[in-house]
Structure formats: structure tokens, C-alpha cells
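# Summary of structural features
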Amino acid sequence: MRCPGVIRLWREFRSADAVLFFGMSLRALPFAVLSGAPLVLSHHGIYPGQATTLSIFLRLIRLLPTRCFINICVSQFVASYIPGRTIVIHNAFEDARFFSDGFTDRVFDFGFCGRLVSEKGVSILLEAFADMCRNERRLRLAIMGDGPERASLEEQARAKGIEENVTFTGSKDSEGVANMMRSCRVLVVPSVYEEPFGIVALEGLSSGCRVVVTRKGGLPEAVGAFGIVVDATPESLRVGMSSALSDCDHPVQDQSGLRRYLTSRRSEIVGRHYERVVNLVAKK
């Protein structure tokens, strides 16, 4: 139902065995509570806000109900910000779309995928990549995505003299992104803000990339023991990228462990975890 009225919303809640909220809806939550339906709250962020009285008040209002219901969090990082009873269920990824066929020519040494906004850290990625290109001019980087920072990032690449080494692909559909990932040897997730989880890291691992992530939010949880975690600085990122590129010449040591790790994050597996929690709450 798209934008149901409050009366219909309340009736639907009343007829439900349980209600699962993906994120907090201050508009709908009171009607769900009044309906008497069992509730589960699923959190995909930490509800940040500006340091204003209104923002702080709204955040407190959002977090207050979490003490009364079961909360599903997409990472331990998110769970650490949510008061009340929490269960961590990591996000899933499209395993049928993101996979390594073993035959793709990986024409790019490094790849990035995401919106071109300041918090995604593409600027420090370009800084690190430019340092690497001083010693190896043949390196190539693919920037997959679009956003308000694209023009300034292209200018940064020109100013660093690496415009011939960097390809800005623009926005692509999920199939195009999957194909591009299979053309990259290393996927870099250089976020400078606290990512709630980081599905793109799973997509990179499943695509056969070595993955480098910054120590921000839930990103280390997303790669588990199968990625390189660095600080969100150009120097630390450069060291991690160099290490990952060198590792590409060697097979992953724990292939069976990686397969088990990715299998546990397939959509049907994650769906079953959600189903168990909702069923438990509905029965109680």
C-alpha cells in the first residue's frame, strides 16, 4: 500500500499477526502500538542528526520505543546505538547477480561503487591512487556511480595528472554494476562516515575482488575476515590498496570459509532469520 490513510493503516495493523518496521516511522508507530499488534523494529542506521535541540529531541523520540520492542539491527555497530533488546541480522546481497565467473578480464586494478558524495570518501581514494601512480603509471581505477561531487572529483583527477588512469562510468543498473565489478581486481570502500553496514563489500567479495574498506561503522563487519580494514586517510588507504593488489596474484587462502561467509548472507538465509524473529514475536 502506498501512503495509506491513518484509518486504513490502523485497520491493517489490527488484522496483522505481527508488524515489522524497516526503520522508525514516527507517523505510523503510534497506530501500530494502539492496534495491539506485536511489533518488531528493524534498524538500518543510527538516526544521526544535526547538533540542534530539535534534532536531539527527534532522535530521543525515535529511540524511546526501542526499549519496548524487539529490535533487529543490520550490524553490531548499529546495535551499539540502539537501546533495548537487539538482535543482529546482517544485510543480504544479490548473490545471483554478483558472482565471479573466473574468466572475466579484470581490466581495472581498482574499483569504487557508490554515490559521489563527500561522505563516501572518493576524494581520499583519488589521493591514495595518485600516490600509487607515481610509481606505476599503468594502474587503472573505475569510479562507478554519479552524484553532486562528480565534477569536483573529475577536476581533482585532472589536477593530480591521473585523468587518463581514472574512468568515471556514471550510473549503471545493477547488472551493469555487477559486470563492472567483475572487471576490477580490488574493490575499495573508502567511506569517511559511519556506514551502518556496507552491502557493496559483500558484492565485491562475491565478484571475486579483493576488498579494502575503511574502519567506519559496520564496514569491518561486512568484510569479516576476508577484507583489508584501514583508517580513513589517504596514506592508510594507499598501503591497504597496495597490499590488496599484491594479494591478487595469490589465491584466497580460505576459499571454503569465504563461500560459507557469503552463503550466510544470501537473501533467503537472511530472510529466514527475519522470519524466525517475527514468528517468535507473533506467537508471544
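Owing to the predicted nature of the structure, the values given are computational and were not obtained by experimental measurement.

## Points about the overall build of the protein chain
- The number of helices and strands found in the protein chain is 12 helices and 10 strands.
- Principal-axis analysis of the C-alpha atoms gives the protein chain an extent of 65 × 45 × 30 Å.
- When the 284 residues of the protein chain are sorted by exposure, 44% land in the buried category.
- Long-range pairs, those at least 24 residues apart, make up 65% of the contacts in the protein chain with a sequence separation of at least 6.
- Accessible surface, the protein chain as shown: approximately 14,500 Å² in total, 53% of it carbon and sulfur.

## Looking at the packing of helix α5 (residues 122-133) against helix α10 (residues 234-247)
- α10 packs onto α5 with a crossing angle of 60° between their chain directions and a minimal axis gap of 8 Å. Classified by the angle their axes make, α5 and α10 are oblique. As α5 packs across α10, the resulting crossing turns out to be right-handed. Facing α5, whose interface residues are Ile124, Leu125, Glu127, Ala128, Phe129, Asp131 and Met132, α10 presents Pro234, Leu237, Arg238, Met241 and Ser242.
- Of the residues that constitute the contact of α5 with α10, the class distribution is eight nonpolar, one polar and three charged.

## Overview of the sheet that holds strand β8 (residues 184-189)
- Taken in spatial order, the six strands of this open sheet run β7-β6-β5-β8-β9-β10, and their pairing is parallel. Either end of the sheet is taken by a strand with one partner, and the two such strands are β7 (166-170) and β10 (228-230). The sheet shows a mean angle of 20° between the axes of neighbouring strands, taken without regard to direction.
- Relative to β10, strand β9 (residues 210-214) is paired through three bridges, and the arrangement is parallel. Counterpart to Val213 in the pairing with β10 is Val229.
- Across the sheet, helix α8 (residues 199-206) touches β5 (108-113), β8 and β9, and the angle it forms with β9 is around 160°.

## Thoughts on the side chain of Ser191
- Its location among the elements puts Ser191 in the loop between β8 and α8.
- Residues contacting Ser191, with those up to four places away along its chain left out, are Glu119, Lys120, Gly121, Thr214, Lys216, Leu219 and Ala232.

## Section: the pattern of salt bridges
- Following the criterion strictly, the structure yields 15 salt bridges and no others.
- Where Glu94 meets Arg97, a salt bridge forms, and the shortest distance between an N and an O atom there is 3.3 Å.
- By relative accessible area, which is 40% here, Glu94 ends up partly exposed.
- You can call Arg97 partly exposed: its relative accessible area is 25%.
- Residues Arg215 and Asp231 are paired through a salt bridge, measuring 2.5 Å at the closest nitrogen-oxygen approach. Taken as a pair, Arg215 in the loop between β9 and α9 (219-223) and Asp231 in the loop between β10 and α10 lie far apart in primary sequence, 16 residues in all.
- Using a relative accessible area of 41% as the deciding quantity, one classes Asp231 as partly exposed.
- Via salt bridges that share partners, Glu94, Arg97 and Glu175 belong to a single interconnected network.

## Digging into a nonpolar patch on the surface
- Taken together, the side chains of Leu26, Leu54, Phe57, Leu58 and Ile61 define a hydrophobic patch exposed on the protein surface, amounting to about 440 Å² of accessible area.
- Secondary-structure assignment places Leu58 in helix α3 (residues 53-63).

## Brief notes about α8
- Taken across its eight residues, α8 has seven buried, putting it largely inside the fold.
- Taken as a whole, α8 has its buried residues at Val200, Ala201, Leu202, Glu203, Gly204, Leu205 and Ser206.
- If you follow the buried residues of α8, they end up packed against β5, α7 (174-181), β8, β9, α9 and α11 (255-263).

## Quick word on the sheet that holds strand β1 (residues 19-22)
- An order of β1-β2-β3-β4 is seen for the four strands of this open sheet, with the pairing classed as parallel. Of all strands in the sheet, those bounded by a partner on one side alone are β1 and β4 (86-88). Strand-to-strand twist in this sheet, taken as the mean axis angle between neighbours without regard to direction, amounts to 25°.
- Across three bridges, strand β3 (residues 70-73) lies against β4 in parallel orientation. Bridge pairing links Asn71 to Thr86 in β4.

## Some words on the side chain of Gln156
- Mapped onto the secondary structure, Gln156 falls in helix α6 (residues 150-159).
- Once you skip the residues sitting within four places of it in the chain, Gln156 turns out to touch Ser123, Leu126 and Glu127.

## Details of the pairing of β8
- Where burial is concerned, most of β8 is hidden: five out of the six residues are buried.
- Taken together, the three bridges between β5 and β8 define a ladder with parallel strand orientation. In the sheet register, Phe110 faces β8, and the bridge partner there is Val186.
- As paired strands, β8 and β9 are joined by four bridges and run parallel to one another. Residue pairing across strands places Val186 opposite Arg210, the latter belonging to β9.

Reading the values: rules and limits
Residues numbered from 1 in each chain as written. Predicted model: local features only at pLDDT ≥ 70, side-chain atom pairs only at ≥ 80, totals over all residues. Heavy atoms only, no water. Helix = DSSP H or I, 4+ residues; strand = E, 2+ residues; numbered from the N terminus. Buried < 20%, exposed > 50% of the residue type's maximum accessible area, 1.4 Å probe, protein only. Contact = heavy atoms within 4.5 Å. Areas by Shrake-Rupley, 256 points an atom, 1.4 Å probe, with all protein chains shown as cover. Axes fitted to C-alpha atoms, helices over the stretch in contact; angles between N-to-C directions. Parallel < 35°, antiparallel > 145°, perpendicular 65-115°, else oblique. Left-handed = near helix turned anticlockwise from the far one by under 90°. Nonpolar A, V, L, I, M, F, W, Y, C, P; charged D, E, K, R; others polar. Pairing = 2+ DSSP bridges. Salt bridge = Lys/Arg side-chain N within 4 Å of Asp/Glu carboxyl O. Patch = residues over 30% accessible without salt bridge, like charges linked within 9 Å, V, L, I, M, F, W, Y side chains within 5 Å.

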